[in-house]
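The chain contents come next:
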Amino acid sequence: RAKKEGGGRVCLFDATLDAQVRERRMLESDLRTAINRGDIVLHYQPVMSARTGMVSSVEALARWEHETRGPISPEVFIALAEDSGLIDELGRKLIFRACSDMLAMPETMRVAVNLSPQQFKSGELVSTVREALKRTGLAPNRLQLEVTERLVIENTQETFAQLEELRSLGIQILMDDFGVGHSSLSYFQMFPFDKVKIDKSFIADIETSKTARAIVEAVIGLGRQLSMGIVAEGVECQEQNAVLSELGCTHLQGYFFSRPMPLEEIAQFVAKNAHAVPLPLAPPRRAR
Ligand code: C2E
Ligand code: MG
Ligand code: MG
Ligand code: MG
């Protein structure tokens, strides 16, 4: 069919496609090298307690500074790692890195690590996490794992068994980016998430959109009823901070407080702004 249409247009199209494929292969090969060399690093963003205004945890966010292309968004290279079978190795390294980085912070500080759905496929996630905790000596109640509905949507027994096992170790499980995509309230019947993070798109609209505000209020109400913490993501200004605290978000995260930063900087930030009270030993069990 392409031949019949003939001419340069088809050739041009093919050439563009070919260039895209080659471009992607190159980036994939660079990513493999970067993972092996440990060039993918973690930055950390503080998550504030609404009640006390102090840092209650930090979220680990992967960063890749490409030698010639400069910084590449994690949205891009995490998806690439997922598609090219590199996510397990990258994910494993990041779990170990986050756990050992936490040793530079007070014992009251938790760290949240983002997980891709693929990391639940190999069946090795639980043993990887156990090993990271054991080797670094980090207390399990200092680790949080963030999953999105992309994981829960598949709703397999194996997925929930792994989540249950991780939680039984004392690790908190957070639902990230809630409210976008195919969010369903039944997720909370399937698994007792410790916290829900409201997607930043709702936070951006909270002052101007009645609908966004109603959705945020509904999620906060759900959180109260089910004893889940509620984290507002993407808080960028004092007005949003005030509204969200007033509505009853338990935690707040966003550029208003701080951008994600390298370990040395976050350690200093935390040293100035952290709680001194010890963490509970294990997450409180909840009647279901
Ligand atoms: P996420 O887990 O929802 O992380 C929050 C994103 O919002 C981060 O983007 C953070 O830098 C950004 N952010 C924080 N505060 C604000 C704010 O006030 N305004 C705005 N506009 N944005 C804010 P980032 O670092 O580019 O990461 C994007 C996504 O990439 C993450 O979304 C997560 O889904 C994924 N990701 C990042 N690191 C990892 C990782 O180590 N593993 C996996 N599987 N995914 C990761
Ligand atoms: Mg996250
Ligand atoms: Mg998020
Ligand atoms: Mg996100």
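The rules behind the values
- Residues numbered from 1 in each chain as written.
- Chains lettered and ligands numbered in written order.
- Predicted model: local features only at pLDDT ≥ 70, side-chain atom pairs only at ≥ 80, totals over all residues.
- Heavy atoms only, no water.
- Salt bridge = Lys/Arg side-chain N within 4 Å of Asp/Glu carboxyl O.
- Helix = DSSP H or I, 4+ residues; strand = E, 2+ residues; numbered from the N terminus.
- Buried < 20%, exposed > 50% of the residue type's maximum accessible area, 1.4 Å probe, protein only.
- Contact = heavy atoms within 4.5 Å.
- Donors = N, O, S within 2.8 Å, 3.2 Å for Na, K, Ca; no water.
- Expected span 1.5 Å × (residues − 1).
- Arc of directions from axis to C-beta.
- Polar contact = N/O pair within 3.5 Å; in protein donor to acceptor, adjacent residues only side chain to side chain.

Naming follows an unreviewed UniProt entry, where the protein chain appears as EAL domain-containing protein of Alteriqipengyuania abyssalis.

K.L.:
When you look at the pattern of salt bridges in this model, what are you seeing that I'm missing?
P.N.:
Side chains that differ in charge, positive against negative, can pair when their charged atoms come close. In the structure shown here, the tally under the stated rule is 16 salt bridges. Residue Arg 37 is joined to Glu 67 by a salt bridge in which the shortest nitrogen-to-oxygen separation is 3.5 Å. Residue Arg 37 is found in helix H2 (residues 7–37), and its partner Glu 67 is found in the loop between strand S2 (55–66) and strand S3 (70–72); the two are separated by 30 residues along the sequence. Glu 67 sits in the exposed class, given a relative accessible area of 70%.

K.L.:
Help me understand the side chain of Ser 84, please; the structure alone is not making it clear to me.
P.N.:
Along the chain, Ser 84 falls in the loop between helix H3 (74–83) and helix H4 (87–101). Sequence-distant contacts of Ser 84, that is, excluding residues within four places in its chain, are made with Glu 28 and Arg 32.

K.L.:
Can you walk me through the coordination of the magnesium ion (ligand 3) in this structure?
P.N.:
Between any two of four tetrahedral donors, the ideal angle at the metal is 109.5 degrees; between two of six octahedral donors, it is 90 or 180 degrees. Those protein atoms acting as donors to the magnesium ion (ligand 3) are Asp 176 (OD), Asp 177 (OD), Glu 233 (OE) and Glu 233 (OE), and they sit at 2.0 to 2.3 Å. The magnesium ion (ligand 2) is placed at 3.9 Å from the magnesium ion (ligand 3), the two being bridged by Asp 176. Asp 176 sits in the buried class, given a relative accessible area of 6%. On the accessibility criterion, Asp 177 (25% relative accessible area) is partly exposed.

K.L.:
Explain helix H10 (residues 210–225) here, please?
P.N.:
Residue pairs three or four apart in sequence face the same way in an α-helix, which turns once every 3.6 residues. Taking 1.5 Å per residue as the helical rise, H10 with its 16 residues ought to reach 22 Å, and the 23 Å between its terminal C-alpha atoms agrees with that figure. Of the residues making up H10, those classed as buried are Ala 212, Val 216, Val 219, Ile 220 and Gly 223. An end-on view of H10 places all buried positions within 100° of arc, on one side of the element. Residues of H10 that are exposed and point over 90 degrees away from its buried face: Lys 210, Thr 211, Ala 218, Arg 224 and Gln 225. Packed against the buried residues of H10 are strand S6 (172–178), strand S7 (195–198), helix H9 (200–204), strand S8 (229–232) and helix H11 (238–247). Where H10 begins, the side chain of Ser 209 points an oxygen toward the backbone nitrogen of Thr 211, at a separation of 3.3 Å. Looking at the residues trailing H10, positive phi occurs at Ser 227, about 55°.

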